[in-house]
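Topology and contacts: notes
Spelled out, the chains give:
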Amino acid sequence: MLDYLFAHLDLVLERSVQHLQVTAIAVIVAVSIGVPLGIAVARWRRLEPFVLGTASLLYTIPSLALFAFLLPFLGLGEKPTIIALILYSQLAIVRNTMVGINGVDRAVVEAAHGMGMQRNQILTMVQLPLALPLIMAGIRTITVMGIGVATIAAFIGAGGLGVFIFQGISRLYPEMIIAGALPVALLALAADFALSLVERVVRPRGVGR
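These remarks concern the structure in this document. (Residues numbered from 1 in each chain as written. Predicted model: local features only at pLDDT ≥ 70, side-chain atom pairs only at ≥ 80, totals over all residues. Heavy atoms only, no water.)

1. Things to note about the layout of surface pockets
Take a probe with the size of a water molecule and roll it over the atoms, and the empty space left behind shows itself. Condition: Residues are called lining when one of their atoms sits within 4 Å of a cavity or pocket point, these points coming from a 1 Å grid over the protein atoms alone, where a cavity is a set in which a 1.4 Å probe fits but cannot get out and a pocket is an open set with protein on both sides within 12 Å along at least five of seven lines. Grid points are joined across faces, edges and corners, and a volume is the space filled by probe spheres set on the points. Think of it this way: any DSSP run of H or I at least four residues long counts as a helix, any run of E at least two long counts as a strand, and we number them from the N terminus. Here the term charged refers only to Asp, Glu, Lys and Arg, the term nonpolar to Ala, Val, Leu, Ile, Met, Phe, Trp, Tyr, Cys and Pro, and the term polar to all other amino acids, Gly among them.
When its volume is computed, the largest pocket comes out at roughly 320 Å³. What lines the largest pocket is a set of 13 residues, and nearest its centre among them are Arg106, Val109, Arg119, Ile122 and Gln127. Breaking the lining of the largest pocket down by element, the ones donating at least two residues are helix H2 (9-43), helix H5 (78-102), helix H6 (106-114) and helix H7 (119-152). Tallied by class, residues from the lining of the largest pocket come to six nonpolar, three polar and four charged.

2. Things to note about a nonpolar patch on the surface
For clarity, the cut-off: The residues that make up patches have over 30% relative accessible area and no salt bridge, and they are joined within 9 Å when like-charged or within 5 Å when they are Val, Leu, Ile, Met, Phe, Trp or Tyr. Each accessible area is a Shrake-Rupley estimate made with a 1.4 Å probe; only the visible protein chains count as cover when residues are assessed. Basic side-chain nitrogens of Lys or Arg form a salt bridge, by our definition, when they fall within 4 Å of a carboxyl oxygen of Asp or Glu. Partly exposed describes any residue whose relative accessible area lies between the buried limit of under 20% and the exposed limit of over 50%, with all areas from a 1.4 Å probe on protein chains only and scaled to the type maximum.
A cluster of nonpolar side chains, contributed by Leu2, Phe6, Leu9, Leu13, Leu182, Leu186 and Leu189, occupies part of the molecular surface with about 670 Å² of accessible area. The element best represented in the nonpolar patch is helix H9 (residues 174-202), accounting for three residues. Counting through the fold element by element, Leu2 comes out in the segment before helix H1 (3-7). Overall, the relative accessible area of 36% leaves Leu2 in the partly exposed class.

3. A word on the side chain of Thr97
Rules: In this analysis, two residues are considered to be in contact whenever any of their non-hydrogen atoms come within 4.5 Å of each other.
With respect to the helices, strands and loops of the structure, Thr97 is situated in helix H5. Beyond its immediate chain neighbours, meaning those up to four positions away, Thr97 contacts Val35, Gly38, Ile39 and Ile135.

4. Thoughts on the packing of H5 against H7
This is how it is decided: To obtain an axis, a line is fitted to C-alpha atoms, over the contacting stretch when the element is a helix, and the angle between two such axes runs from 0 to 180 degrees between their N-to-C directions. Oblique is the label for every angle not falling under 35 degrees (roughly parallel), over 145 degrees (roughly antiparallel), or within 65 to 115 degrees (roughly perpendicular). By convention, the crossing between two helices is left-handed when the near helix turns anticlockwise from the far helix through less than a right angle, and right-handed when the turn is clockwise.
Between H5 and H7, the least distance of the axes is 8 Å, while the angle of their chain directions is 155°. In terms of orientation, H5 and H7 fall into the roughly antiparallel class. Like other packed secondary-structure pairs, H5 and H7 cross with a definite hand, here right-handed. For the contact of H5 with H7, the class distribution of residues is 17 nonpolar, seven polar and no charged.

5. Side note on the packing of aromatic side chains
Our working definition: Ring geometry is summarised as follows: Phe, Tyr and Trp rings, the Trp one being its six-membered ring, pair when their centres sit within 6.5 Å, and such pairs are stacked at plane angles under 30 degrees, edge-to-face over 60 and tilted between the two.
Counted under the stated rule, the structure contains five aromatic pairs. Measuring from ring centre to ring centre gives 6.3 Å for Tyr59 and Tyr88, while their planes differ by 90°; the resulting arrangement is edge-to-face. You can see Tyr59 sitting in helix H3 (residues 48-60) and its partner Tyr88 sitting in helix H5, a full 29 residues away along the chain. Among the aromatic side chains, those forming a connected cluster through ring pairs are Tyr4, Phe164 and Tyr173.

6. Some points on unusual backbone geometry
Even without a glycine there, the phi angle at Leu172 is positive, about 55°. Mapped onto the elements, Leu172 comes out in the loop between helix H8 (162-171) and H9. Taking relative accessible area as the criterion, Leu172 reaches 74% and is therefore assigned exposed.

7. What about empty space enclosed by the protein?
Per the stated rule, a full pass over the model turns up one cavity of 30 Å³ or more. Size it by volume and the largest cavity reaches roughly 40 Å³. Every residue along the wall of the largest cavity is listed here: Gln18, His19, Val22, Thr81, Ala150, Ala158, Gly159 and Gly160. No other element matches H2, which puts three residues into the lining of the largest cavity.

If you want it as structure tokens, here you go:
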């Protein structure tokens, strides 16, 4: 079953890099949008129903339906894939950021305020560091999810490892399916492990998971 994989290893590696590149761009942009939104929701609770409601609604849309909606505006290729992954990622990032900040012990926040810290200082020096494990959990979740969803995006010409899977299904060629599915699983595991190492490095000393 692995003969096709090793016989076309160069192409598999090329598709893997393409797959990972699309996912990485989407995750970086999603975090850049989702974390500030999560902070805003944590500060102004009136935004919570609208922001989380919209993110939840987007998350429930089937991936192929979302791709079909984006195609008339963005065409085929990587652009609709990246936008779709960004939209799918918002729920996990926004909610984890909000819950992480709101979950900081009130006594800690009051102690920081008593030391003369301003609101923004408390956010950046106290709340965000303490919320970091939960934020990183959201990032790990959307990364693994993005690697999986990007596989389906091969259906709209985004390339990546999904090409092997779709071609293998259409040709009833299980070896080709394995050549796409196995690297996707390995990429997801490797990305999750790498982010867990990043979390250990950036997590302030004394802050638990």
